[in-house]
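# Results of the structural survey
The chain contents come next:
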Amino acid sequence: MTDDSALRREMVDVCRRMNSSGINQGNAGNLSVRSSDGFLITPSSLPYETMTPEDIVEMGFDGTYVGRRPSSEWRFHRDILRERQEINVVLHCHSLYATTLACHHKTIPSFHYMTGVAGGTTIRCAGYATFGTQALSDNALVALKDRRACLLGQHGQISLGKTMEAALWLANEVETLSRMYVQALTLGEPPVLSDEEMARVIEQMKKMSYGQAPDPEGTNDLARPRDAAVSI
């Protein structure tokens, strides 16, 4: 095994947090992280409570692995990391409300501006395919085009990130949005924000992720640090 001990420890911690936060249950779900020679992925059918850093599986993009048998979903982890060079982490879970929508093959529309956290105006739902198959991976890649999250038809959700913290945060946000959408649907199909407004929202989100103020350019009403010389 390569010396990825820090990554392995963090993966175990994130997996346990997936379950403790309620977005995953039992042995469901899986996690992968890009490494120097390929990627690391959680093993198949091993409870997170007993999983150790040494149980994490080292895989190459050619499908070879070292150690335990990898998660049955290794194909979409491999394919996403291979196709999306800007992504380092793939997190898959069976969160309750996201899976509820996925069981109806419902895409999440821009009913709330936070839908933009996934990178677009919608969070798509991939077509159903048997778990662990290449067909499921192919469907996920289509749903994730220009997105950082998607639902998997009659299955669960996938969230992507540059870091494990980012992917875990996004998975929780997708679940929160899913819960809000399910509840909003009890009153009827909610109105959606226009593509033009969502473009503004996504641009604002990009500014905030770059550490800039989210205020629109050209306005004078901006939050700004107080001059240190001013007495307070």
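Before reading further, recall that the structure is shown in the block above.
Quick summary incoming for the structure in this document. These figures come from a predicted structure and were not determined experimentally.

### Things to note about the side chain of N24
Residue placement: N24 occurs in the loop between α1 (5-20) and β1 (30-34). For N24, the side chain forms a polar contact with the main-chain oxygen of A28, separated by 2.3 Å. In contact with N24, not counting residues within four places along its chain, are M18, N19, G29, Y48, C93 and H94.

### As for the packing of aromatic side chains
This model, assessed by the stated rule, comprises two aromatic pairs. Their ring planes at 45 degrees and their centres at 5.5 Å tell us that F39 and F61 sit as a pair that is tilted. With F39 in strand β2 (residues 39-41) and F61 in the loop between β3 (57-59) and β4 (65-66), this pair connects stretches of sequence that are 22 residues apart. You can call F39 buried: its relative accessible area is 0%. Residue class for F61 comes out partly exposed when judged on its relative accessible area of 27%. Look at F111 and Y181: their rings are 5.1 Å apart centre to centre, the planes differ by 35 degrees, and that puts the pair in the tilted class. With F111 in the loop between α3 (96-103) and β6 (125-126) and Y181 in helix α5 (residues 164-185), this residue pair connects regions lying 70 residues apart in the sequence.

### Considering α5
With 22 residues, α5 should reach 32 Å at 1.5 Å per residue; the first-to-last C-alpha distance of 31 Å fits that figure. Three or more residues of α5 are buried, namely M164, A167, L168, L170, A171, E173, V174, E175, L177, S178 and Y181.

### Examining the layout of surface pockets
Quantified by volume, the largest pocket comes out at close to 720 Å³. Forming the walls of the largest pocket are 23 residues, and the residues nearest its centre are V117, R148, M205, K206 and S209. Elements with a minimum of two residues in the lining of the largest pocket: β8 (156-161), α5 and α6 (195-209). Looking at the second largest pocket, its volume works out to about 280 Å³. What lines the second largest pocket is a set of 21 residues, among which N27, G29, N30, S72 and E73 lie closest to the centre. Grouping the amino acids of the lining of the second largest pocket by side-chain chemistry returns seven nonpolar, 13 polar and one charged.

### Things to note about the pairing of β8
When you tally the buried positions in β8, you get six out of six residues, the bulk of the element. Sheet analysis places strand β5 (residues 89-93) next to β8, joined by five bridges and oriented antiparallel. Across the sheet, residue H92 finds its bridge partner in β8, namely I158. As paired elements, strand β7 (residues 149-152) and β8 share four bridges and run antiparallel to each other. Looking at β8, one finds that L152 is bridged to G156. Counted along the chain from β7 to the antiparallel partner β8, the turn is three residues long, and its residue Q154 has a positive phi close to 50 degrees.

Rules and cut-offs
- Residues numbered from 1 in each chain as written.
- Predicted model: local features only at pLDDT ≥ 70, side-chain atom pairs only at ≥ 80, totals over all residues.
- Heavy atoms only, no water.
- Helix = DSSP H or I, 4+ residues; strand = E, 2+ residues; numbered from the N terminus.
- Polar contact = N/O pair within 3.5 Å; in protein donor to acceptor, adjacent residues only side chain to side chain.
- Contact = heavy atoms within 4.5 Å.
- Phe/Tyr/Trp six-rings, centres within 6.5 Å; stacked < 30°, edge-to-face > 60°.
- Buried < 20%, exposed > 50% of the residue type's maximum accessible area, 1.4 Å probe, protein only.
- Expected span 1.5 Å × (residues − 1).
- 1 Å grid on protein atoms, 1.4 Å probe; cavity = no way out; pocket = protein on both sides within 12 Å on 5 of 7 lines; lining within 4 Å.
- Points joined across faces, edges and corners; volume = space filled by probe spheres on them.
- Nonpolar A, V, L, I, M, F, W, Y, C, P; charged D, E, K, R; others polar.
- Pairing = 2+ DSSP bridges.

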